[in-house]
Amino acid sequence: LESGRQWRNIAKDMLEEAAKGTVTTSAPRFLLFAFVNMWYVPLQESINHLQVTEDMSLKLGDTDRAYMAQSMKFRFLFFRGEKLSILSHDIETNLQSMARFSICCAKYCVLDKEMIDSL
């Protein structure tokens, strides 16, 4: 257990350092806020950082990472307790453009939307 915590802290430190100086890619930033930082900070802070990552990725032309960030942002909104009707509408609104640029992320969002609509 202690070894797991140690490796988690190492990963967090490395990704924080990589995300600071990265202008040409959003990969370290995405990994940090989608998978590591969520254990250390409130969900709203991770959601805000994922929005910045999405915007930055779109500016850089990295549509796949932008839609991955958007997909994770939707999940975090769900976990935070966003109103289900609002979340379902937001996913539906973005699903067509997501499917055009990132079919993998669109598949996950379709599953998320089906789950949300069934609740």
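Higher on the page you've got the structure.
All of the points below concern the structure found in this document. Treat the numbers as computed from the prediction; the structure is a model and nothing was measured.

### Re the overall build of the chain
Across its full length, the chain carries six helices and zero strands. Ordered by position in the sequence, the α and β elements of the chain form the string α-α-α-α-α-α. Its C-alpha radius of gyration of 15 Å places the chain within 12% of the 14 Å reference for a compact globule of 119 residues. Every one of the 119 residues in the chain was classed for burial, and the buried ones make up 39%. Contacts in the chain between residues at least 24 apart in sequence constitute 56% of all its contacts with a sequence separation of at least 6.

### Here's the deal with the nonpolar core
The nonpolar side chains of soluble globular proteins are, as a tendency, buried together. If you look at the biggest cluster of nonpolar residues, it comprises 22 residues, and the most contacted ones within it are Leu50, Phe74, Ile91 and Met98. Every element with two or more residues in this core is listed here: helix H2 (27–36), helix H3 (43–60), helix H4 (63–80), helix H5 (84–101) and helix H6 (103–118). Counting residues per element, this core draws most heavily on H4, at six residues. Setting aside residues up to four positions removed in sequence, Leu50 forms contacts with Phe30, Phe33, Ala34, Ala69, Met72, Lys73 and Phe76.

### Re the environment of Leu60
Position of Leu60 relative to the elements: it lies in helix H3. Taking relative accessible area as the criterion, Leu60 reaches 40% and is therefore assigned partly exposed.

### Describing H6
Its 16 residues place the ends of H6 23 Å apart at the C-alpha level, agreeing with the 22 Å of an ideal helix rising 1.5 Å per residue. For H6, the full list of buried residues reads Cys105, Ala106, Cys109, Asp112, Lys113 and Ile116. Along the axis of H6, the buried positions cluster into a sector of 125°, meaning they face one direction only. Set apart from the buried face of H6 by more than 90 degrees, the exposed residues are Ile103, Lys107, Leu111, Glu114 and Ser118. Residues of H6 that are buried in the fold lie against H4 and H5.

### A word on the packing of H5 against H6
Where H5 contacts H6, the two axes come as close as 9 Å, and the packing angle between them is 160°. Regarding the angle of H5 to H6, the classification is roughly antiparallel. The interaxial crossing formed by H5 with H6 has left-handed handedness. Between H5, through Leu84, Leu87, Ser88, Ile91, Glu92, Leu95, Met98, Ala99 and Phe101, and H6, the contact on the second element is made entirely by Ile103, Cys105, Ala106, Cys109, Val110, Lys113, Ile116 and Asp117. Looking at side-chain class alone, the contact of H5 with H6 contains 13 nonpolar, one polar and three charged residues.

Quick notes on the rules
- Residues numbered from 1 in each chain as written.
- Predicted model: local features only at pLDDT ≥ 70, side-chain atom pairs only at ≥ 80, totals over all residues.
- Heavy atoms only, no water.
- Helix = DSSP H or I, 4+ residues; strand = E, 2+ residues; numbered from the N terminus.
- Rg over C-alpha atoms; globule rule 2.2 N^0.38 Å.
- Buried < 20%, exposed > 50% of the residue type's maximum accessible area, 1.4 Å probe, protein only.
- Contact = heavy atoms within 4.5 Å.
- Core = buried A, V, L, I, M, F, W, Y, C linked by side-chain atoms within 4.5 Å.
- Expected span 1.5 Å × (residues − 1).
- Arc of directions from axis to C-beta.
- Axes fitted to C-alpha atoms, helices over the stretch in contact; angles between N-to-C directions.
- Parallel < 35°, antiparallel > 145°, perpendicular 65-115°, else oblique.
- Left-handed = near helix turned anticlockwise from the far one by under 90°.
- Nonpolar A, V, L, I, M, F, W, Y, C, P; charged D, E, K, R; others polar.

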